[in-house]
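Single-letter residue listing:
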Amino acid sequence: MTGPLVLCFGVALAAVAWRMFFLRRKLREVSGYAEKVSEALREKVRSAEEEKNRILAILESMAEGVAVIDPDQRITLVNPALTRALSFPKGQIERRYFWEIFRDSIVNEMIAKTLKEHVPVRREHSILLSDSVFQIRISPVFGGGHFLGAAAIFHDVTKLKELERVRSEFVANVSHELKTPLTSILGFVETLKEGAVENKADRDHFLGIIEGHSKKLTRLIEDLLSLSRLDTDRTELRKETCDLAEALERALAFFERPIRMKKLKIRTELSPRPFPVRADPSALGEILNNLLDNAIKYNVEGGEIRVKASGDGAWTSFEIQDTGIGISAGDLPRIFDRFYRADKSRSRQTGGTGLGLAIVKRIVERHSGRVEARSAPNQGSTFTVTLPQN
Ligand code: ADP
């Protein structure tokens, strides 16, 4: 009896051992598989984390303001540009209702529409409590066929709008400046045609006026072309070492007649001679011509014009000082604006275009220099130009 029992027991033991061996192998296989799955999951989480960080970094560096709102009307994300632009309240913004944060009925209506109808909306709008004008775009966000919320993008177009305003103001000014002399020319031509041409004195008088207006139009067009070249020409200036004393003598010779007519005294304090200055020679001539023209036009009869210069190797400054009518404190900050005239009647009477100082400022800016004016009514004016010497 013992033999078969032992045999039976042995077979059972062998079966158990075999089963255990088989199970252990399966277990090893399963744990290897689990290891692989968890590694794949870890990889997925890591890449999702990386993706999220990348998106956050992009959002943080964006100039446009961005907000994401979920279907429950709660903000889930706001980038720093938007927080700054709309001066959002300090503290937690995420998870607050969008209408608690955007206190602007138009913006709130736009977001509500996208959340309700899942459609994009866009418009230009000046947000309440902010001086800026924004181009706002609200887009529905979908993922896996589900509506996930709305993304609001705020693009600040204030500078663009300002540029558009300046441009259309400039066009209106140019049209006005061209129209006034042209209307006058046409009027006198009509008068001549109607019979004034028969009388020599009348004819000469009217032709003189027509000539004056035509010259003014030519000056205006020359100044406009000069400004347009300065604005659009992106090529480097042809800077070279010029002699300021010689450039000044040339400019003074050009104005010899009006200086003599107005009995003006000229005092120049330029030493050493030649006085070196790094500049584009024709641009330097244009600066001197415009500043001297004004120093003559707005001076009093028998007045004085003084030109001084100094330099320290890195910078050269020169100033043109007159003893003329001066400029009031209210006008002083605007005299470099295009078409701005402090003394309108005198400027027009002397054929001024209102563009001379704007041209000087653009030229000086293109030399990376600066121009300043000091003045007071009836105390004369001093214009100082400072140019880098590199
Ligand atoms: P304009 O052709 O009218 O002279 P500018 O651009 O040269 O135009 O000057 C702008 C305005 O600044 C002038 O209309 C004038 O009122 C004022 N201005 C410029 N220079 C002088 C000056 N030296 N003295 C007094 N006013 C000046």
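Provided above is the structure to which this section pertains.
Please read all numbers here as calculations on a predicted model, not as lab measurements. (Residues numbered from 1 in each chain as written. Predicted model: local features only at pLDDT ≥ 70, side-chain atom pairs only at ≥ 80, totals over all residues. Heavy atoms only, no water.)

Some words on the packing of helix 5 (residues 158–193) against helix 6 (residues 200–232)
Move 1: Close contact between helix 5 and helix 6 brings their axes to 9 Å; oriented N to C, the two are set at 160 degrees. As judged from the angle between their axes, helix 5 and helix 6 are roughly antiparallel. Judged by the twist between their axes, the crossing of helix 5 over helix 6 is left-handed. Contact with helix 5, carried on its side by Phe170, Val174, Glu177, Leu178, Pro181, Leu182, Ser184, Ile185, Phe188, Val189, Thr191 and Leu192, involves Arg203, Phe206, Leu207, Ile209, Ile210, His213, Ser214, Lys216, Leu217, Leu220, Ile221 and Leu224 of helix 6 and no other residues of that element.
Move 2: Broken down by class, the residue content of the contact of helix 5 with helix 6 amounts to 17 nonpolar, four polar and three charged. (Axes fitted to C-alpha atoms, helices over the stretch in contact; angles between N-to-C directions. Helix = DSSP H or I, 4+ residues; strand = E, 2+ residues; numbered from the N terminus. Parallel < 35°, antiparallel > 145°, perpendicular 65-115°, else oblique. Left-handed = near helix turned anticlockwise from the far one by under 90°. Contact = heavy atoms within 4.5 Å. Nonpolar A, V, L, I, M, F, W, Y, C, P; charged D, E, K, R; others polar.)

Points about the site of the ligand
Move 1: In the vicinity of the ligand lie 20 residues, with Asn294, Tyr298, Ser347, Thr353 and Leu357 positioned nearest.
Move 2: One nitrogen or oxygen atom from the side chain of Asp322 is found 2.9 Å from a nitrogen atom belonging to the ligand.
Move 3: One of the backbone N or O atoms of Asp343 is found 2.9 Å from an oxygen atom in the ligand.
Move 4: Here the ligand loses 98% of its free accessible area of 530 Å² to cover by the protein chains.
Move 5: Grouping the constituent residues of the shell around the ligand by class yields eight nonpolar, eight polar and four charged. (Near = heavy atom within 4 Å. Polar contact = N/O pair within 3.5 Å; in protein donor to acceptor, adjacent residues only side chain to side chain. Areas by Shrake-Rupley, 256 points an atom, 1.4 Å probe, with all protein chains shown as cover.)

Observations regarding the packing of aromatic side chains
The geometry of an aromatic ring pair is captured by two quantities: the separation of the ring centres and the angle between the planes.
Move 1: With the rule as written, the count across this model stands at ten aromatic pairs.
Move 2: For the ring pair Phe102 and Phe154, a centre distance of 5.6 Å and an interplane angle of 10 degrees mean the geometry is stacked. Here Phe102 is found in the loop between helix 3 (98–101) and helix 4 (105–117), whereas its partner Phe154 is found in strand 5 (residues 146–156), with 52 residues between them in sequence.
Move 3: An aromatic cluster of three or more residues is present, and its members are Phe88, Phe102, Phe134 and Phe154.
Move 4: Positioned over the ring face of Tyr340 is Lys344, at 5.8 Å from the centre of the ring. (Phe/Tyr/Trp six-rings, centres within 6.5 Å; stacked < 30°, edge-to-face > 60°. Lys NZ or Arg CZ within 6 Å of the ring centre and 35° of its normal.)

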